[in-house]
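Fold and contact review
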Amino acid sequence: MFTNEIPLDDALSQAREMLLSRQNPEGYWWYPLEANETIGAGTILLMRYIGVVDPAIEKGLANRILSEQKEDGSWGIYYGAPGDLSATVECYLALKISGRPANDPVLQKARQFILSAGGVERVRVFTRIHLALFGLVPWESCPLMPVWFALLPSWFPVNIYSFSSWARASIVPLLIVLDQKRSRPIPGLSIDEIFANPPDLSGSCLGFRPAVLTRSARPGARPSPPALTSKKRSLDFCERWVRDHIARTEDIFPAMAYAIYALSALGHPNTDPTIQKAWSGLKRFQQTSGDQNHQQCCISPVWDTPWAGMALLEAGEPADSPPLLRAGRWLISKQILDFYGDWGLKNKKGRPGGWAFEFQNDYFPDVDDTIEVLFFLNRVGLPPSEKEEAIRRGLDWLLSMQCRNGGWAAFDKDNTQGWVNRIPFSDHGACLDPPTPDVTGRMLELLSEGPERMSSLVVAKAITFLKKTQEPWGGWWGRWGVNYIYGTWAVLQGLAAIGEDLRQPYIRRAVSWLKSVQNPDGGWGESCDSYRQKKFVSLKESVPSQTAWALMGLIAAGGAGPTGEVESGVVENGISWLVEKQTADGTWEEAHFTGTGFPGHFYIRYHGYRDYFPTLALGRYQRILEHP
C-alpha cells in the first residue's frame, strides 16, 4: 500500500500552489490548446487570400510549422502520429507561399512524402477547397453544395440543422465560398510538382467526381421550388446567418476563417465589421514563443476554470477561499440566460441556461462544459443567493437536452442522422453530434448531487443507453478524450455516483479491463490511433492525464476497504507513478494529445490536462483514504 503520506501531501501542496499561480486576476484559468499545423498553415493562407499579411505573424507561423516537420518530411495530426497527406500538403503550400522555393530541402522532403502517399489527388475535401481558393485545383474537384441548401426548413429531412454545430458553422459560409468560386491566384505560385499526375482543368485529376449533396444523401429528395432556387435569397440568408453567429460567438478556427473567406468572396472589404471581429478573434487565439507563432484552433477558459477549481478543492483549497470565489463569480457571469442558440431548433421545451467553451459563444453552449461548471458551483463556497438560480437554470437546460435514446450529446439534441457522414463533403466523418457514453456518464454523476431534481425515468434511460454502448470487452468509447480510458472513467464515475450496484458484471468487466491495460511502470497511456483501429491501442509510455482518468475510474468503482480498488496494488502503483513524475514546479510533463476534436482526424493537446487531472486524482485518492 502507498503509505508514505508525506510525498503525497507534498505533491498536492505543490500542485495547489501551481494551479493558484496560473489563475487570471479576473478569476478564470485559460490554458493553451495545441492541434496540428494545418491551423497555422490555414492562417497563412487566410492572410494571403484577403490581402492582409502581417510579416511577423507569417514568419512566426512558418517557423512553428518548420519545427513540427517529421523526419520523413511529413506533418502528423498528433504527437507521434504517422505523416498525414492532407496536413502535409497544406503545410507545404503555406511554407511555399511564405517564401520557400520548391528546391528548399524542407519542401523537397515534404514533396517526396506527398508523392509517395499518392499526391495531391488524394487529399481530403477541405484541403481541396483551400487549394481551389488559390486556383491550384479546379472548383469542380470540390463537392457541389448548392447555396439554396441553407434555405431548406428545419423540418425537412435534409437541412443545415441535420449537421453538428461545428459542421454547420463551417458549412454555411462554405456554401457562399462554393457558390462564388472566387479564386485569388498568387502570381508565380504552382504546386504541380506535388501531383502524382499532371493536373488538368476538369477536376478528374483529383480522382473525385462532384456530387450534389441532396442526391447522395436522400435519393429522390431534392426539392426545387422557385422560392428555394433564388440565388440572391440564398446568399442573403447565408450572409445574414454568418454575421449573426459571428456577432455572438468566438467559435472554432474553421468557422471563423470560413466566415472571413465567405464575406471576402462576396466582395466585402477587410474593414467590414464582421470580418474585423472574426479576424481579431483569430489573432487572439495566437501565442508567441521565441521566434514561433502558434495559432490555436479554439480557446477553452470556461472548460479550464471549473476543472482547475475542482482540482484545487480536491487538493485541500478551502471552498470559500478568495481565488475559488472569484472563479465561481466569473463562471456565473458567463452563463447564457437570454439567448436561444442553435440547440433550440430541436429542443422546444428547454430554456437557456448553459455555458459555452470559450469567452463568448452564445449560439453554441455545450452540455459538457455546463456539467463541469455545475459541479464546481455546487461545491464552491458562494452564498446560496449568488449561485442557486444559476445552478437551477443550468440543470434545467441540461435535463432538457437529454436525447430520445437516453444519452446526452455535446451541443445538440437528437443529432443522429447517419447519412450526413456519408455525403462527399463529409469525408472526415465528423458531421454528427450523437449522444456519447462519456458525456452521459458525467451527466449521471451530476444528477447524483441533487436527488430532488432526479427523475427515475431520466436516470433509467441513461443507464440503459450506457449498457447498450459498452464495448464487449468492458470499456466505453470516449468522444471528447482519448479514448477508451476517458470514456470508461466518465461512465464508471457516473454509475458509481448515481448508486448503481458496483458488483454487477458489466461494471466489473469495465474495472477488469482498466486494470488489464495498466503499463508496467504503474501508469496508463492510450494512442489516438485507437479511434482508427476501433480498439484500445496502448502507448509505450504512460501519460499523466490518462493515468489520472484510469485511477479516478478505479477509485469510483472500487471504493476503499478490504475488497476495494483503492487498496489494490493497481491503484497504489498508479498513484506512486503520478507522485514520482511530478516536476519541481508542481505540474507534469505531457507531450501527447489526449483531447479529441474529430475522432480519426483532429486531436488536441490541452495543456491544462497535465495540471488539473493528476491533481484531481491525487486529491481524490487522499480523501477516500481519509474518509472511506
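Whatever comes next refers back to the structure up there.
Residues numbered from 1 in each chain as written. Predicted model: local features only at pLDDT ≥ 70, side-chain atom pairs only at ≥ 80, totals over all residues. Heavy atoms only, no water.

**Description of the overall build of the protein**
For the protein, the helix and strand inventory stands at 23 helices and five strands. For a compact globule of 628 residues, the expected C-alpha radius of gyration is about 25 Å, and the protein comes in at 25 Å, within 12% of that figure. Taken over the C-alpha atoms alone, the protein extends approximately 75 × 55 × 50 Å along its principal axes. For the protein, buried positions account for 63% of its 628 residues. Considering only residue pairs separated by 6 or more positions, the protein has 73% of its internal contacts joining residues 24 or more positions apart. Between the averaged position of the 63 positive side-chain charges in the protein and that of its 68 negative side-chain charges there is a distance of 8 Å. (Helix = DSSP H or I, 4+ residues; strand = E, 2+ residues; numbered from the N terminus. Rg over C-alpha atoms; globule rule 2.2 N^0.38 Å. Buried < 20%, exposed > 50% of the residue type's maximum accessible area, 1.4 Å probe, protein only. Contact = heavy atoms within 4.5 Å. Lys, Arg positive; Asp, Glu negative; His and termini not counted. Charge placed at Lys NZ, Arg CZ, Asp CG, Glu CD.)

**Thoughts on helix α15 (residues 384-400)**
A rise of 1.5 Å per residue sets the reference length of α15, with its 17 residues, at 24 Å; its end C-alpha atoms lie 24 Å apart and thus fit the reference within 8%. Residues Lys387, Ala390, Ile391, Arg393, Gly394, Leu395, Trp397, Leu398 and Ser400 constitute the buried set of α15. Of the surrounding secondary structure, the elements contacted by the buried residues of α15 are α13 (322-333), α14 (367-379) and α16 (437-447). (Expected span 1.5 Å × (residues − 1).)

**Looking at the environment of Asp338**
For Asp338, the position within the fold is in the loop between α13 and α14. In the structure, Asp338 is positioned 14 residues away from Pro352 in sequence and 6.4 Å away in space, judged by C-alpha atoms.

**Structural notes on unusual backbone geometry**
A negative phi angle is the norm for most residues apart from glycine, just as the trans form is the norm for most peptide bonds. At Asp414, a position not held by glycine, the phi torsion is positive, near 55 degrees. With respect to the element layout, Asp414 can be found in the loop between α15 and α16. Judged by its relative accessible area of 13%, Asp414 is buried. Although it is not a glycine, Lys534 adopts a positive phi angle of roughly 60 degrees. If you trace the backbone, Lys534 turns up in the loop between α20 (529-533) and α21 (544-558). What makes Lys534 exposed here is its relative accessible area of 66%.

**Some points on empty space enclosed by the protein**
In the structure shown here, the tally under the stated rule is four cavities of 30 Å³ or more. The volume enclosed by the second largest cavity comes to roughly 80 Å³. Of all the secondary structure elements, the ones that give two or more residues to the lining of the second largest cavity are α7 (165-180), α9 (231-247) and α10 (253-265). Looking at which element gives the most residues to the lining of the second largest cavity, the answer is α9, with four residues. Across the lining of the second largest cavity, the residue classes break down as nine nonpolar, two polar and one charged. (1 Å grid on protein atoms, 1.4 Å probe; cavity = no way out; pocket = protein on both sides within 12 Å on 5 of 7 lines; lining within 4 Å. Points joined across faces, edges and corners; volume = space filled by probe spheres on them. Nonpolar A, V, L, I, M, F, W, Y, C, P; charged D, E, K, R; others polar.)

**Focus: the pairing of strand β4 (residues 595-598)**
As paired elements, β4 and strand β5 (residues 602-606) share three bridges and run antiparallel to each other. Its bridge partner being in β5, Gly595 is matched across the sheet by Ile604. Connecting the antiparallel pair β4 and β5 is a turn made up of three residues, with Gly600 showing a positive phi of about 90 degrees. (Pairing = 2+ DSSP bridges.)

**Some remarks on helix α17 (residues 456-469)**
The terminal C-alpha atoms of α17, which comprises 14 residues, lie 20 Å apart, in line with the 20 Å expected from a rise of 1.5 Å per residue. Among the residues of α17, Val458, Val459, Ala462, Ile463, Phe465 and Leu466 are the ones counted as buried. Along the long axis of α17, the arc covered by the buried residues comes to 155 degrees, so they all point the same way. Facing away from the buried surface of α17 by more than 90 degrees, the exposed residues are Ser456, Leu457 and Lys468. (Arc of directions from axis to C-beta.)

**Comments concerning the layout of surface pockets**
Of the volumes computed, that of the largest pocket is approximately 530 Å³. Lining the largest pocket we find 25 residues, and of these Glu314, Arg379, Glu445, Arg620 and Arg623 sit closest to its centre. Here the lining of the largest pocket takes five residues from helix α18 (residues 484-498), the largest share from any one element. Classifying every residue of the lining of the largest pocket by side-chain character gives 14 nonpolar, three polar and eight charged. Estimates place the volume of the second largest pocket at around 390 Å³. Listed by contribution, the elements that provide at least two residues to the lining of the second largest pocket are α17 and α20. The greatest single-element share of the lining of the second largest pocket, amounting to three residues, is contributed by α20.

**Quick word on the environment of Gly119**
As for its position among the elements, Gly119 is in the loop between α5 (105-116) and α6 (125-132). In the structure, Gly119 is positioned 123 residues away from Val242 in sequence and 34 Å away in space, judged by C-alpha atoms. Discounting chain neighbours no more than four positions away, the residues touching Gly119 are Leu85, Ile114, Ile194 and Ala196.

**Side note on the pattern of salt bridges**
Pairs may arise between side chains of opposite charge once their charged atoms sit close together. Taken as a whole and assessed by the stated rule, the structure comprises 29 salt bridges. One salt bridge in this structure joins Arg64 and Glu37, with 3.0 Å as the shortest N-O distance. Placement of the pair is Arg64 in helix α3 (residues 55-67) and Glu37 in the loop between β1 (33-34) and α2 (38-50), with a sequence separation of 27 residues. As far as the burial class goes, Arg64 and Glu37 line up, both buried. Here Asp342 and Arg168 are joined by a salt bridge, their closest N and O atoms 2.8 Å apart. Of this pair, Asp342 sits in the loop between α13 and α14 while Arg168 sits in helix α7, and the two are 174 residues apart along the sequence. Of the residues examined, Asp342 reaches a relative accessible area of 4% and is grouped as buried. For Arg168, a relative accessible area of 1% translates into the label buried. (Salt bridge = Lys/Arg side-chain N within 4 Å of Asp/Glu carboxyl O.)

**Some words on the side chain of Asn415**
Structurally, the position occupied by Asn415 is in the loop between α15 and α16. In this structure the side chain of Asn415 is engaged in a polar contact, spanning 3.1 Å, whose partner is the backbone oxygen of Ser162. Here Phe163 takes part through its backbone oxygen, which lies 3.4 Å from a polar atom of the side chain of Asn415. Setting aside residues up to four positions removed in sequence, Asn415 forms contacts with Tyr161, Ser162, Phe163, Ser164, Lys346, Cys431, Leu432, Asp433 and Pro434. (Polar contact = N/O pair within 3.5 Å; in protein donor to acceptor, adjacent residues only side chain to side chain.)

**Considering the sheet that holds β1**
With antiparallel pairing, three strands are arranged side by side in an open sheet as β1-β5-β4. Each having just a single partner strand, β1 and β4 make up the two edges of the open sheet. Judged from the two bridges that link them, β1 and β5 form a sheet pairing that is antiparallel. What sits directly across from Leu33, in β5, is Tyr606.

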